[in-house]
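# Topology and contacts: notes
As a plain string of letters, each chain reads:
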Amino acid sequence: VRGPQGQQVSPKGVSSGFFSSDLSSGDSDSVGNSSYLMYVEEVSRPLPVYFTSHTEVRGIKTNRYMVAETLLDPTPEMALQGVGSPVAGVADMSFVEGFGAYVARPNFLYGDESLYSQQDNTVRGAPDGGGIWLMQGYDYDTLKALDAPVNITQETCLNNLDHYETWLDVEPATGKTLYAHKRLGGQMAIFDCDPSSTDVLTCALFPTGGNCYGGTYPCSSANYKTPMVKGQKIIPIYYIDETAMLTNDQADQLKEAGVFRQAAGICLVVCVIFGFGLTVLGA
């Protein structure tokens, strides 16, 4: 296991001026590492986060680290771990969970556009059917139900990044994360299942006799309980937003540390000047 879970990274140390009450200068000198590894339990692996900008949390200067847009893109190395399979934007976790499970960013953010319709991987006789509709039923800000569900597309996600992105706002001097959103989505794979086959015994329970949907679409592993679900789909089930921010009291304590440092710096200079004055008088 490599990397913490995002609460703490390697501290940079104080980078502000000697007489400043800030622990960090808030410029390029305050950036520790340009990237860190963050272990994510849900995917059983460390994921890199990269410095993107300077931010501020409750009056304290911080550095923002985010996950790369290409995190779930297929590469020869990552493909061996199920990343980008079958398309960019998802990672196959079946080998960990023991069933058809996938992870992705919320609502397939930065994923292949085909994930929002999934028509071309199932249709046998009807080119305009067999896909999925990804719908939003609640307002993300008020958490109230919408009057009518709204279709979620790739464009919808890109226009609402504040609801989907993952970031860590890190105070560089201490390495503490002061504000964070860690977001991840869970998906179920509804695989193609032939009821006439003896390879998967549950398929034999289907009452269709191998003729699902009039023979137009593949039968699915979900036919027994949900006969309207078609095979070869990756269905979003949920996404989680693990978030936290330091309290006002905690922020005040951190600011006090900066004030004490400022006072110590001023005291040191005053003492040097006073000592020099005594030396001159003594001479």
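One structure accompanies this document, and this report is about it. Just so it is clear, the model here is predicted, and its values are computed rather than measured. Within each chain, residues carry numbers counting from 1 in the order of the written sequence. The predicted origin of the model limits local features to residues at a pLDDT of at least 70 and limits the giving and counting of side-chain atom pairs to 80 or more, whereas totals for whole chains, interfaces and linings rest on all residues. Hydrogen atoms and water are omitted, and side-chain values are computed over all heavy atoms in the structure.

## What about the packing of aromatic side chains?
Planes of paired rings set the category: under 30 degrees apart is stacked, over 60 is edge-to-face and the rest tilted, where pairs are Phe, Tyr or Trp rings (Trp by its six-membered ring) whose centres lie within 6.5 Å. Applying the stated criterion across every chain, the model contains seven aromatic pairs. Ring geometry for Tyr140 versus Tyr164: centroids 5.8 Å apart, planes at 80 degrees, classification edge-to-face. With a gap of 24 residues between them, Tyr140 in the loop between β6 (135-138) and β7 (145-151) and Tyr164 in helix α4 (residues 161-164) connect regions that are remote in the sequence. Judged by relative accessible area, Tyr140 falls into the partly exposed class, the value being 26%. Only protein chains enter the accessibility calculation, which uses a 1.4 Å probe. A residue is then buried if its area is under 20% of the maximum for its type, exposed if over 50%, and partly exposed in between. On the basis of relative accessible area, Tyr164 is assigned to the buried category, the value being 1%. One aromatic cluster in this structure is built from Tyr36, Phe51 and Tyr65. A run of DSSP states H or I qualifies as a helix once it reaches four residues; a run of E qualifies as a strand once it reaches two. Both are numbered from the N-terminal end.

## Overview of the nonpolar core
Here, the term nonpolar core denotes a set of buried Ala, Val, Leu, Ile, Met, Phe, Trp, Tyr and Cys residues that are joined through side-chain atoms within 4.5 Å. In this structure, Val40, Val43, Val49, Val103 and Leu168 are the most contacted members of the largest nonpolar core, which totals 18 residues. Secondary structure elements with two or more residues in this core: β1 (35-40), β2 (45-57), β3 (60-67), β8 (167-171) and β9 (176-190). Among the elements that take part in this core, β1 stands out by supplying three residues, more than any other. Apart from the residues within four sequence positions on either side, Val49 is in contact with Ser34, Ser35, Tyr36, Met38, Tyr65, Met66, Val67 and Leu168. The next biggest cluster of nonpolar side chains, apart from the first, holds 14 residues, and it includes Tyr110, Tyr116, Cys157 and Ala189. Residue contacts follow a heavy-atom distance rule, with two residues in contact if any of their heavy atoms lie within 4.5 Å.

## A look at the pairing of β7
Should DSSP find at least two bridges between two strands, the strands are regarded as paired. Relative to β7, β6 is paired through three bridges, and the arrangement is antiparallel. Counted as the bridge partner of Tyr138 is Ala145 from β7. Hairpin connection of β6 to β7: six residues between the antiparallel strands, including Leu143 at a positive phi of 60 degrees.

## Some words on the pattern of salt bridges
The rule for a salt bridge is simple: a side-chain nitrogen of Lys or Arg has to be within 4 Å of a carboxyl oxygen of Asp or Glu. Taken as a whole and judged by the stated rule, the model has four salt bridges. Between Arg64 and Asp169 there is a salt bridge, with its nearest N and O atoms 2.7 Å apart. Taken together, the positions of Arg64 in strand β3 and Asp169 in strand β8 put the pair 105 residues apart, joining distant regions of the chain. Each member of the pair, Arg64 as well as Asp169, carries the same accessibility label: buried.

Without other data, these values stay purely geometric and don't point to any function.
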